[in-house]
Amino acid sequence: MKKLLFLAFVILCSCQSNKKENPELNLPEDPYFTKIKVNDIKLGEPVFGDWLYSHPEKGQSFEQFMNTKHVVPTKEEDIIYLQPIGQFDSLQVKQIELVRQYLEIFFQLKTKVLKEVSNDIIPKNVRKKEI
């Protein structure tokens, strides 16, 4: 009986992990992330020209991001469509094609450029104001 209890104790103790857990995400520590943690620098106050200067946002943690619904391709929805709005010169059309090629490679999804539509579809009150 003592041998059986000793064996059960050894098995129970061997199941314990000595790895430290990341308390925020409940993930094991990774040497890679430990080394690059020095790059985690709190952002300073936004200055003119920064996105956050004109668009205040609360931000989100990695955990909040992971808990959001992610858009993923399905068999029915596996094409990226680019919709040019307005008129484009030949250089801009080439740029749109380069963006299409990049997106197709990056996302590994077929990417199509739709026919240009008039910028009249955008209500005047939400258009970008010319500076």
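Everything discussed here concerns the structure shown above.
None of these values were measured; they are calculated from a predicted model.

Student: Let's hear about the pairing of strand E4 (residues 110-113): which residues, and what values?
Tutor: Bridge count for strand E3 (residues 79-82) against E4 is four bridges, and the pairing is parallel. Bridging from a neighbouring strand, Ile80 pairs with Thr111 of E4. Once you follow E3 into helix H5 (residues 90-107) and on to E4, the crossover reads as right-handed.

Student: Mind laying out unusual backbone geometry, listing which residues take part and the relevant values?
Tutor: For Gln108, which is not a glycine, the phi torsion comes out positive at approximately 55°. The residue Gln108 is located in the loop between H5 and E4 in this model.

Student: Which residues make up the side chain of Thr111, and what are the values?
Tutor: Along the chain, Thr111 falls in strand E4. The exposure class of Thr111 is buried, given its relative accessible area of 3%. Within the local environment of Thr111, its side chain forms a polar contact with the backbone oxygen of Leu109, the two atoms lying 3.1 Å apart. Contacts of Thr111, omitting those with residues within four sequence positions, involve Ile80, Leu82, Arg100, Leu103 and Glu104.

Student: Describe a nonpolar patch on the surface, with residues and values.
Tutor: On the surface, Leu43, Trp51 and Leu52 cluster together into a nonpolar patch covering about 360 Å² of accessible area. If you trace the backbone, Leu52 turns up in helix H3 (residues 51-54).

Reading guide: rules and limits
- Residues numbered from 1 in each chain as written.
- Predicted model: local features only at pLDDT ≥ 70, side-chain atom pairs only at ≥ 80, totals over all residues.
- Heavy atoms only, no water.
- Pairing = 2+ DSSP bridges.
- Helix = DSSP H or I, 4+ residues; strand = E, 2+ residues; numbered from the N terminus.
- Right-handed = clockwise from strand over helix to strand, strands pointing away.
- Buried < 20%, exposed > 50% of the residue type's maximum accessible area, 1.4 Å probe, protein only.
- Polar contact = N/O pair within 3.5 Å; in protein donor to acceptor, adjacent residues only side chain to side chain.
- Contact = heavy atoms within 4.5 Å.
- Patch = residues over 30% accessible without salt bridge, like charges linked within 9 Å, V, L, I, M, F, W, Y side chains within 5 Å.
- Areas by Shrake-Rupley, 256 points an atom, 1.4 Å probe, with all protein chains shown as cover.
- Salt bridge = Lys/Arg side-chain N within 4 Å of Asp/Glu carboxyl O.

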